[in-house]
Amino acid sequence: MAKKIVVDPIPRIEGHLRIEAKLNESNVIEEAYSSGTMWRGIEVILKGRDPRDAWAFTERICGVCTTVHALASVRCVEDALGIDIPANARIIRNLMNATQVTQDHLVHFYHLHALDWVDVVSALKADPKQASVIAQSISAWPKSSPGYFKDLQQRLIGFVDSGQLGIFANGYWGHPGYKLPPEVNLIAVAHYLEALDFQKEIIKIHTIFGGKNPHPNYLVGGMACAIDPNSDTAINIERLSMIKKIIDDTQTFIDQVYIPDLIAIAGYYKGWLHGGGLGNYLSYGDFPETTLADFKTLLWPRGAILGKDLTTIHDVDPRDAAQVTEEVSHSWYTYKGGDGKGLHPWKGETTPNYTGPKPPFQYLDTDKKYSWLKTPRWKNNPMEVGPLARVLIAYAKGDPMIKDTVGLVLSKLEVGPEALFSTLGRTAARGIECKQTAGFMRHYYDQLVANIKTGDYRTFNSERWDPDSWPKECKGFGYTEAPRGSLGHWIHIEDEKIKEYQIVVPSTWNASPRDVNGNIGAYESALKGTPVANPDQPLEILRTVHSFDPCLACASH
Ligand code: NFC
């Protein structure tokens, strides 16, 4: 008899995502339903406030992608008010954004996703000498001696013997889906712990430019950090050298730890090609070399792919009311003109109306409304956003750096580009992109130093700071490519206050419920057709959903 299984909550850090899956008699997923189970109402909280404060509220949507909402928000308000920012501010924002993506992808690979492929308990059976031989054969990373792996294994044995697996508790250890030999599991666990320590170093760049992390400071009109090579309270030579050292170390870690681990682990799973999903991909693009309006200079290109067709990249314009819409036919909100009517975010509404079952309950009523996420669509199509979308769009557009790195990863794995349309392809795309953004960190550091050397220390344009200089009414759009994908903020300002503010978030695109036409979202599509070896331990569902790196705090905001 067909069964239904529920995984709730499913993300490793960022909690309130529920997946319900219907399995057929052979335990293959026939239908999946993705539900966000919490809502906070940031869009409602923003109404009536000073638009210059919006970044500080929206940034609190998330502590994981902690900088991206502030970035989209200041860009949105600057767009509405017609503010050009100084070159240093653009470069610092790009550097902080590249830092965010790099750190976020590293944390995703090791701490949010690796344990779907790595069996921690199997590492106890590893031969440390053999682990050392393997580690040295795949990388020049110095922490690879037999003694290093033996010590780590002893620590793990101590955890297990005391019954305190701590961060490794509650895994499906011993599941037949785990394919790595014990020695590769031991190497991966070692790097899990090293990456946990190292990721906090990367993000110090935010504390230098933004005062703190999470939630560094931003500013409408520029950045709030002063540049003065001769002052010890500003961005000076000492801090710039600290940034340079962090970038050097980050590139080394990505090249010598992340990428070799990704290739080594993926090599054991390359037959597991489930989870491809929609085949529709969207990216707004990011990393402007001049202004945001000049799409041609974006280092991450803008575009859309439909039906896996890499020969045609469609033009994307998120300002166009016929392109980006959100509807609520399956979401716990109501729209004045009807819940199935797609609204462009400049006309968007946020009116919560929970109509789901009263807890405790066994299943959601998925024929009706079943999520706190709205349903975004691009030209009525469900779209996947995120690293795989960006990598495919850049690859199809012939970006040389992406072509090289994709080529390297595919040739090491001995698979063709079609393997990218899968859960593992999504995971590989994140690694490919992480190598690229670590390179962007260096690129923007070099740009910043070169610009400072010209004597330009400006980080803020105060021309439109005074609300008396604003029009009575205006609208703006701000975008960024966050680690998980395309993020847009749309604002309507009237009489110096926020009249409406709408946010369409990467995890909302990917985790959206069905639309009024019955089209399923990216998670729902990626899960369909996947065989589940043991419905009591649905490791396969974790793998595919985690490969998108869900963040529900962002998605339902
Ligand atoms: Ni939270 Fe996010 C915001 C999402 O836009 N989704 O990547 C970014 O969180 O992680």
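Residues numbered from 1 in each chain as written. Predicted model: local features only at pLDDT ≥ 70, side-chain atom pairs only at ≥ 80, totals over all residues. Heavy atoms only, no water.

**A short note on the coordination of the nickel atom of the ligand**
For a metal with four tetrahedral donors the ideal donor-metal-donor angle is 109.5 degrees, whereas six octahedral donors ideally subtend 90 or 180 degrees.
Then, number 1: Within the first shell, the nickel atom of the ligand binds the protein through Cys-62 (SG), Cys-551 (SG) and Cys-554 (SG), at distances of 2.2 to 2.4 Å.
Then, number 2: Linear spacing of the donor residues for the nickel atom of the ligand on their chain is C-x488-C-x2-C.
Then, number 3: Metal-to-metal, the separation of the nickel atom of the ligand and the iron atom of the ligand is 2.9 Å; Cys-554 coordinates the two. Here Cys-554 lies in helix 16 (residues 552-556) and Cys-62 lies in the loop between helix 2 (54-59) and helix 3 (68-81), a separation of 492 residues in the sequence. Considered together, Cys-62 and Cys-554 belong to a single accessibility category, that of buried residues. (Donors = N, O, S within 2.8 Å, 3.2 Å for Na, K, Ca; no water. Helix = DSSP H or I, 4+ residues; strand = E, 2+ residues; numbered from the N terminus. Buried < 20%, exposed > 50% of the residue type's maximum accessible area, 1.4 Å probe, protein only.)

**A look at the sheet that holds strand 8 (residues 473-482)**
In a beta sheet, neighbouring strands are held together by backbone hydrogen bonds and run either parallel or antiparallel to one another.
Then, number 1: The antiparallel open sheet is built from three strands, whose spatial order is 8-9-10. If you trace the sheet from one side to the other, it starts and ends with strand 8 and strand 10 (497-504), each paired once. On average, each strand axis in the sheet is tilted by 15° relative to the strand beside it, whichever way the strands run.
Then, number 2: Of the strand pairs in this sheet, strand 9 (residues 485-494) and strand 10 are connected by seven bridges, and their pairing is antiparallel. The partner of Ile-491 across the bridge, within strand 10, is Tyr-501. (Pairing = 2+ DSSP bridges. Axes fitted to C-alpha atoms, helices over the stretch in contact; angles between N-to-C directions.)

**Structural notes on empty space enclosed by the protein**
Then, number 1: On inspection of all chains with the given rule, the structure shows six cavities of 30 Å³ or more.
Then, number 2: There is about 120 Å³ of room inside the largest cavity.
Then, number 3: Along the walls of the largest cavity sit 13 residues, with Leu-413, Val-415, Ala-419, Leu-424 and Gly-425 positioned nearest its centre.
Then, number 4: Mapped onto the lining of the largest cavity, the elements with two or more residues apiece are helix 11 (400-413) and helix 12 (423-453).
Then, number 5: Estimated volume of the second largest cavity: approximately 90 Å³.
Then, number 6: Lining the second largest cavity we find Pro-11, Arg-12, Ile-13, Glu-14, Val-64, His-108, Leu-112, Arg-484, His-546, Asp-549, Pro-550 and Cys-551.
Then, number 7: Split by residue class, the lining of the second largest cavity holds six nonpolar, two polar and four charged. (1 Å grid on protein atoms, 1.4 Å probe; cavity = no way out; pocket = protein on both sides within 12 Å on 5 of 7 lines; lining within 4 Å. Points joined across faces, edges and corners; volume = space filled by probe spheres on them. Nonpolar A, V, L, I, M, F, W, Y, C, P; charged D, E, K, R; others polar.)

**Quick look at the packing of helix 6 (residues 146-161) against helix 7 (residues 182-202)**
Then, number 1: In contact at an axis separation of 10 Å, helix 6 and helix 7 are set at 80° when each is read in the N-to-C sense. Relative to helix 7, the element helix 6 is oriented roughly perpendicular. Of the residues in helix 7, those in contact with Tyr-148, Phe-149, Leu-152, Gln-153, Arg-155 and Leu-156 of helix 6 are Leu-186, Ile-187, Val-189, Ala-190, Leu-193 and Glu-194.
Then, number 2: Looking at the contact of helix 6 with helix 7 residue by residue, the classes come out as nine nonpolar, one polar and two charged. (Parallel < 35°, antiparallel > 145°, perpendicular 65-115°, else oblique. Contact = heavy atoms within 4.5 Å.)

**Looking at the packing of aromatic side chains**
For any two aromatic rings, the description comes down to two numbers: the centre-to-centre distance and the angle of the planes.
Then, number 1: Applying the stated criterion to the full structure yields 28 aromatic pairs.
Then, number 2: Consider the rings of Trp-117 and Tyr-269, whose centres lie 4.8 Å apart with planes at 65°: the pair is edge-to-face. Within this pair, whereas Trp-117 is found in the loop between helix 4 (87-113) and helix 5 (128-138), its partner Tyr-269 is found in the loop between helix 9 (237-267) and strand 4 (281-283), the two being separated by 152 residues in sequence.
Then, number 3: Each ring, one from Tyr-284 and one from Phe-477, has its centre 6.2 Å from the other, and the planes form 80°; the classification is edge-to-face. Placement of Tyr-284 in the loop between strand 4 and strand 5 (303-305) and of Phe-477 in strand 8 is noted, with a sequence separation of 193 residues between them. The same class applies to Tyr-284 and to Phe-477, which are both buried. (Phe/Tyr/Trp six-rings, centres within 6.5 Å; stacked < 30°, edge-to-face > 60°.)

**Thoughts on the pattern of salt bridges**
Then, number 1: Applying the stated criterion across every chain, the model contains 34 salt bridges.
Then, number 2: With a shortest N-O distance of 2.9 Å, Arg-484 and Asp-549 are connected by a salt bridge. Here the residue Arg-484 occupies a position in the loop between strand 8 and strand 9, and Asp-549 occupies one in the loop between helix 15 (539-547) and helix 16, the gap between them amounting to 65 residues.
Then, number 3: Ionic contacts of the salt-bridge type, sharing partners, join the residues Lys-4, Asp-8, Arg-18 and Glu-20 into one network. (Salt bridge = Lys/Arg side-chain N within 4 Å of Asp/Glu carboxyl O.)

**Notes on the nonpolar core**
Then, number 1: Formed by 146 residues in total, the largest nonpolar core has its most connected members in Phe-168, Phe-209, Ile-243 and Ile-541.
Then, number 2: By residue number, the principal contributor to this core is helix 9, which donates 13 residues.
Then, number 3: In this structure Phe-209 touches Ile-92, Leu-95, Met-96, Cys-225, Ile-235, Ile-243 and Leu-448, once residues within four positions along its chain are discounted.
Then, number 4: Counting residues in hydrophobic clusters, the runner-up holds 15 residues, among them Leu-282, Tyr-284, Ala-304 and Trp-378. (Core = buried A, V, L, I, M, F, W, Y, C linked by side-chain atoms within 4.5 Å.)

**A look at unusual backbone geometry**
Then, number 1: Cis peptide bonds are those with omega within 30 degrees of zero, and the linkage from Asp-8 to Pro-9 qualifies with 0°.
Then, number 2: Looking along the chain, the bond that leaves Pro-359 and enters Pro-360 is cis, with omega of -5°.
Then, number 3: Mapping Pro-360 onto the fold places it in the loop between strand 6 (324-327) and strand 7 (375-378).
Then, number 4: Positive phi, normally seen in glycine, also occurs at Glu-414, with a value near 55°.
Then, number 5: You can see Glu-414 is positioned in the loop between helix 11 and helix 12.
Then, number 6: In the Ramachandran plot, His-557 falls in the positive-phi region, its phi being about 30° despite a non-glycine side chain.
Then, number 7: Relative to the elements of secondary structure, His-557 occurs in the segment after helix 16.

**Some words on the side chain of His-492**
Then, number 1: Relative to the elements of secondary structure, His-492 occurs in strand 9.
Then, number 2: Side-chain polar atoms of His-492 contact the side chain of Glu-473, separated by 2.7 Å.
Then, number 3: Discounting chain neighbours no more than four positions away, the residues touching His-492 are Glu-473, Cys-474, Lys-475, Lys-497, Ile-498, Lys-499 and Glu-500. (Polar contact = N/O pair within 3.5 Å; in protein donor to acceptor, adjacent residues only side chain to side chain.)

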